[in-house]
Every structure is written in C-alpha cells, then in structure tokens.
2 protein chains.
Amino acid sequence: MLRLAQLKFFEGFYEEFAALGLTPATYAIFAVIRDNPGVPPSSLASLLRLRLPNLIKILNELESSGFIKRNRSKSDRRAVELMLTPKGAKLIAEGARLTEPYNERMLAPLTETEQRTLLELLNRISPL
Amino acid sequence: MLRLAQLKFFEGFYEEFAALGLTPATYAIFAVIRDNPGVPPSSLASLLRLRLPNLIKILNELESSGFIKRNRSKSDRRAVELMLTPKGAKLIAEGARLTEPYNERMLAPLTETEQRTLLELLNRISPL
DNA sequence: TATTGTTATACTCTATAACTATA
DNA sequence: TATAGTTATAGAGTATAACAATA
C-alpha cells in the first residue's frame, strides 16, 4: 500500500511540476538548501536518503544549469557549502506555489484531520 | 514521507526475506497468483502497477526456476493462465510465515489501532 | 590515518516500440 | 482490425569501488 500511494504521489508530482522541470528529488534538494543555506552534500544525502555519488551527479547538473552554487568552507577546505542562486531561489519559490494544490489533489480522499493523522503516523514510522 | 516509509519497508523486507530469495515484487506476484489461480499476466500487471513487459521478464525467471507455470486458455488461445507449481506454493507459504513478524517490526512505532488506521488511509488514497 | 567530495561504473527498475499469434 | 503476450532495448534510479584533496 505504501508503494502504491507513493507511486500515485510521484505520478501526480510529474504532472503538476513538469512545466517547471522539477522532479521529486530536485524539489527536495532545493527545499533543503533553501531552508539550510550552506548545507554540505553529505548532510543533504543522509537527510534525503540518497547515496552521495548519486546526489553529486544531480548537484553537478543543478550547478551547471545555474540553480545552485558550491562554496568551499573557510574552516575546512574539504567541505562544500551549498547555496541557491537567485535563479534557483526563484524556481523553488514557483514550485512552492504549486505544492498546496498538489497535496490537496493527492489527498482529496481524506479529510483534513485524516491528512494530519497520516502525516503523523508516517513520521513516526520513519522520522525525517 | 511516503517515500521514506516505503524505503524503510523495502529495506526491512530484503533483510527479512533474503534467505528465501523473495523480493517485494516476487512476493506480491506469488500472493496474487495463489489467491487468484489462473490470473492472466495483464490483470496481474495492472493490479500491481507493473508494465507488462517488465512483469513478463520476472514471470520468465519464475517459470524457468520452476515456481510458476503458464497454461494457454482453452477458450482464448492468446490468453495465459498463471498457476503456482507445488514448489512455488511451498515458497510463498514459507514467506507468509515471515509476514506477520516483518509487519510487526516495521510498524513497531504504532499501536495496533494506529496500524489499522494507517492501512485504511493508504487504501483510501490508492485502493488496491 | 580518516574524512569530504568526486568520478567511474555496474546493476536494477522502469518505460517504449515493435513483433507474434490469436481473435 | 484489435487484443494478449512477448521480445528487444533504452532510460532512470540506485549501488559499490577507487581516487584526490584536506584534515
């Protein structure tokens, strides 16, 4: 049942966000960088349960498209600090506007109380 | 959150059922054939949301390993009827014995009432 | 020596087009 | 002509190993 629900959400996501070129993965990456400017790739990968090499490949594309930039940390020159460019900030802001109608459409069979319950139960099973 | 929960269940599944060589996909396929002997590949694919060509590849492996057999329908010789062999029935029966402890472990953070609620809400979002 | 990030690469899963045999 | 099943193949997602730079 989890797989079927997730499939529905991903299919709906591609419909809703196709015009912006956002995927579930890139949306999540943008949102985390927006809320945690300077987050290193390693933290981002473990938070989103992505393998570092797979994340790096996505980050390379996002950087060469001009959506994010990488700064080397002053204190530890191995570490990378991820930031949104103005172009990237604009993209995720546009995406954020589609989020509420998207969630509403996916969760339409549930009341608002049930929607909160579902989120709470899922969060207990696998906390973010 | 759905993706993270599903990831947890799949990882737990591989741990629990590794000894039997069952995957989430093959478990579901065996269970559907067991409960619906003679089910055609097309119905199986749409029920489990698998593309027919991808399902066929799995069915080929399951058949050449001796777990299932294909019968041509008498009434429509294009149609295939899927059946478990005794070997396949034995395998899914062994798998079924692991199912309750597996679900219990994955859903440990929830009370029994909450477990039923979660299943009901997921089923409303994307009915089987 | 250990850690962060990166590259290269293989493997699984998923998607599309085209073919066959029956209807 | 249309349908059920199948094959071949391409693409996306995910995995591991090895390397460079820095600590």
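Scope of this entry: the structure provided in the associated data block. (Residues numbered from 1 in each chain as written. Chains lettered and ligands numbered in written order. Predicted model: local features only at pLDDT ≥ 70, side-chain atom pairs only at ≥ 80, totals over all residues. Heavy atoms only, no water.)

Some points on the interface of chain A and chain B
Okay, so step 1: Across the contact, 28 residues belong to chain A and 28 residues belong to chain B.
Okay, so step 2: Both sides of the chain A and chain B interface together cover about 2,800 Å² of buried area, and 74% of this is carbon and sulfur.
Okay, so step 3: Our count for the contact surface shared by chain A and chain B stands at two salt bridges.
Okay, so step 4: Measuring nitrogen to oxygen at the nearest pair gives 2.6 Å for the salt bridge that ties R124 of chain B to E114 of chain A. (Contact = heavy atoms within 4.5 Å. Buried area = accessible area lost by both parts, 1.4 Å probe. Salt bridge = Lys/Arg side-chain N within 4 Å of Asp/Glu carboxyl O.)

Side note on the relation of the copies chain A and chain B
Okay, so step 1: Superposing chain A onto chain B takes a rotation of 180 degrees combined with a translation of 0.0 Å along the rotation axis, leaving an RMSD of 0.0 Å. Here the two chains are linked by the operation of a two-fold rotation axis. (Least-squares fit on C-alpha atoms with pLDDT ≥ 70 in both.)

Section: the side chain of Q115 of chain A
All names here are of chain A.
Okay, so step 1: Topologically, Q115 is positioned in helix α6 (residues 112-125).
Okay, so step 2: A distance of 3.3 Å separates a polar side-chain atom of Q115 from the backbone oxygen of L107.
Okay, so step 3: When near neighbours in sequence (up to four residues on either side) are disregarded, Q115 contacts E104, L107 and L110. (Helix = DSSP H or I, 4+ residues; strand = E, 2+ residues; numbered from the N terminus. Polar contact = N/O pair within 3.5 Å; in protein donor to acceptor, adjacent residues only side chain to side chain.)

A few points about the protein's contact with DNA strand D
Okay, so step 1: By nearness alone, 21 residues border DNA strand D, and R51 and N54 of chain A together with S42, I56 and R78 of chain B come closest of all.
Okay, so step 2: Per the 4 Å cut-off to the protein, sugar and phosphate atoms form 57% of the nearby atoms of DNA strand D.
Okay, so step 3: Y14 of chain A is positioned such that a nitrogen or oxygen atom in its side chain is 3.5 Å from a phosphate oxygen of DNA strand D.
Okay, so step 4: Separating a phosphate oxygen of DNA strand D from a backbone N or O atom of R77 of chain A is a distance of 2.9 Å.
Okay, so step 5: Taken together, the elements giving at least two residues each to the surface near DNA strand D come down to α4 (52-64) of chain A together with α3 (41-48) and α4 (52-64) of chain B.
Okay, so step 6: The dominant element in the surface near DNA strand D, judged by the number of residues it contributes, is α4 of chain B, at five residues. (Near = heavy atom within 4 Å.)

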